Amino acid sequence: MKTNRILRKVLSVSALLLAFGAAAHAQATRTWVSGVGDDANPCSRTAPCKTFAGAISKTAAGGTISVLDPGGFGAVTITKSITIEGDGTLASILGAGTNGVVVNAASTDTVILRNLIIEGAGTGVNGIRFINGLALYVQNCTINRFTQKGIDFEPTTAGLLFVKDTVIRNNNFGSGGGIFIKPAAGISSAASLDNVNLDRNLFGLRVEGNSRATIKNSFISGNSNEGILAFTSTGLQPVINVVDTIVTMNGNGIKADGTGTIVRVGGSSILNNNNAGLTVNLGQLLTFGDNNLAGNNPDGAFTPGSLGKD
C-alpha cells in the first residue's frame, strides 16, 4: 500500500515537471527581437531574441515576429506561415554572401515581410528567394545590392506574390535583377505589384513560364537591360499587365519575347529608354491606346490590332 502511494506521488510530480517543461518550450504566437537581445531568451517582449533565425523557432505557425528597436537581425529561412514586421523601427537583414530571406514552406503557408531593409552589401545572393508556399507578401521593404535577384520567385507549387510600397535597387552585379518570376515546369504563378520602384538593376521585372503578373502605379528606371520583360521559356507564355507606370532610362523599356508572350500596357509613360518597346520571336506588346511615348531611341510601336478601351 505504501509503495503504491509513493509511486502515485512520483508519477504526479513527473506529470507536473513534464507540463512545466512543455509550457516552458511552447511556441508563442508573438515574439520579439532586439539589437541587445539574446537568442537564448524566450523572445518575449521583456526578454527578446537577437536574430530572426533565433525567434522563428520559438514562434508558432501563423505567428508574428516584431522588432523592438533598430538593428540587424540576420538572414533567415522560413518554413511555415509567419509574419516578420519591423514596423516603427529601422529593422534590417544583412545577407552578405548569402540569401537574405529564404521561403521554403508548405503549399498552404503564407509569409508576410513588412517594413524591412534587406541589404546584400554587393555580395549577397538573393534578397528574397521563394521556393515553396501558398503566398508571399512583401510590404514597405527596401532590397538593395544583391548579385542575383532582389526577389527570386520560383515556386515549385502554385504560388502567389504580392509586392506593395517597396524599393528594389542596385541589384546589378553578375546576373542581378529586380523581380524574377518563373514557376517550375507544370506550375502556375501570379503576381500583383503595386507602387514598386525597380531602379538600377540588371533588369527591372522579368516574368517567364506559366505566369500572370500585373504591375501598377510603379516606377521602373535605370535598369541596364529591360525595364520589363516577358520571356517564353519551356513553351509557356507569360502575360504582364502594365498599368499607370513610368518606364524610363532603361536599356529597353518593355520587351515581349517569344510566341504567345503578351504584355498589355495602359495609362503608362515610356520615356527616354534606348528603345521604348520591343517584340521578338512573335511576342505581343499590346496597348489600350492611352500611353505616352517620347525620347526613346526609337519610340517603337505597339503590336497592330491592339486593345481598345471599353
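Conventions adopted
- Residues numbered from 1 in each chain as written.
- Predicted model: local features only at pLDDT ≥ 70, side-chain atom pairs only at ≥ 80, totals over all residues.
- Heavy atoms only, no water.
- Helix = DSSP H or I, 4+ residues; strand = E, 2+ residues; numbered from the N terminus.
- Contact = heavy atoms within 4.5 Å.
- Buried < 20%, exposed > 50% of the residue type's maximum accessible area, 1.4 Å probe, protein only.
- pLDDT = per-residue confidence, 0-100.
- Pairing = 2+ DSSP bridges.
- Axes fitted to C-alpha atoms, helices over the stretch in contact; angles between N-to-C directions.

Undergrad: Just to check I follow, could you spell out the side chain of Thr303 for this structure?
TA: In this structure, Thr303 sits in the segment after strand S28 (292-294). Apart from the residues lying within four places of it in its own chain, the contact partners of Thr303 are Thr279, Gly283, Gln284, Leu285 and Leu286.

Undergrad: Mind showing me how you'd approach the environment of Asp165 here?
TA: Locating Asp165 in the fold gives a position in strand S14 (residues 159-169). Asp165 gets classed as partly exposed once you look at its relative accessible area, which sits at 32%. Sequence-wise, Asp165 and Asn115 are 50 residues apart; in three dimensions their C-alpha atoms are separated by 9.6 Å. For Asp165, the contacting residues outside a window of four places in its chain are Asn140, Cys141, Asp194 and Asn195.

Undergrad: Just to check I follow, could you spell out the confidence of the model for the chain for this structure?
TA: If pLDDT is low for a region, its predicted coordinates should not be looked at in detail. Of all residues in the chain, 90% have pLDDT values of 70 or greater, and the mean over the chain is 90. Every residue in residues 13-24 is under pLDDT 50, and counting partners more than four places away or in other chains gives zero contacts.

Undergrad: Looking at this structure, I do not really get the pairing of strand S2 (residues 59-67). What am I missing?
TA: Consecutive residues of a regular strand have side chains that alternate between opposite faces of the sheet. Of all nine residues in S2, seven are buried; the element is thus mostly enclosed. Where strand S1 (residues 28-33) lies against S2, five bridges are found, and the strand directions are parallel. Considered in S2, the bridge of Trp32 is made with Ser66. The pairing of S2 with strand S5 (residues 82-85) spans four bridges and is classified as parallel. Note on S5: the bridge partner recorded for Ser66 is Glu85.

Undergrad: What's the story with the sheet that holds strand S23 (residues 252-257) in this structure? I'm lost.
TA: Strand pairing in a sheet is mediated by backbone hydrogen bonds. Such pairs are either parallel or antiparallel. Strand order in this open sheet of nine strands is S4-S7-S10-S13-S15-S17-S20-S23-S26, and the pairing throughout is parallel. Of all the strands in the sheet, just strand S4 (76-78) and strand S26 (277-280) have a single pairing partner and so form its edges. Shown here is a sheet whose adjacent strand axes are inclined to one another by a mean of 10 degrees, direction ignored. Bridge analysis of S23 against S26 gives four bridges, and the strand direction is parallel. By the bridge assignment, Asp257 is partnered in S26 with Val280.

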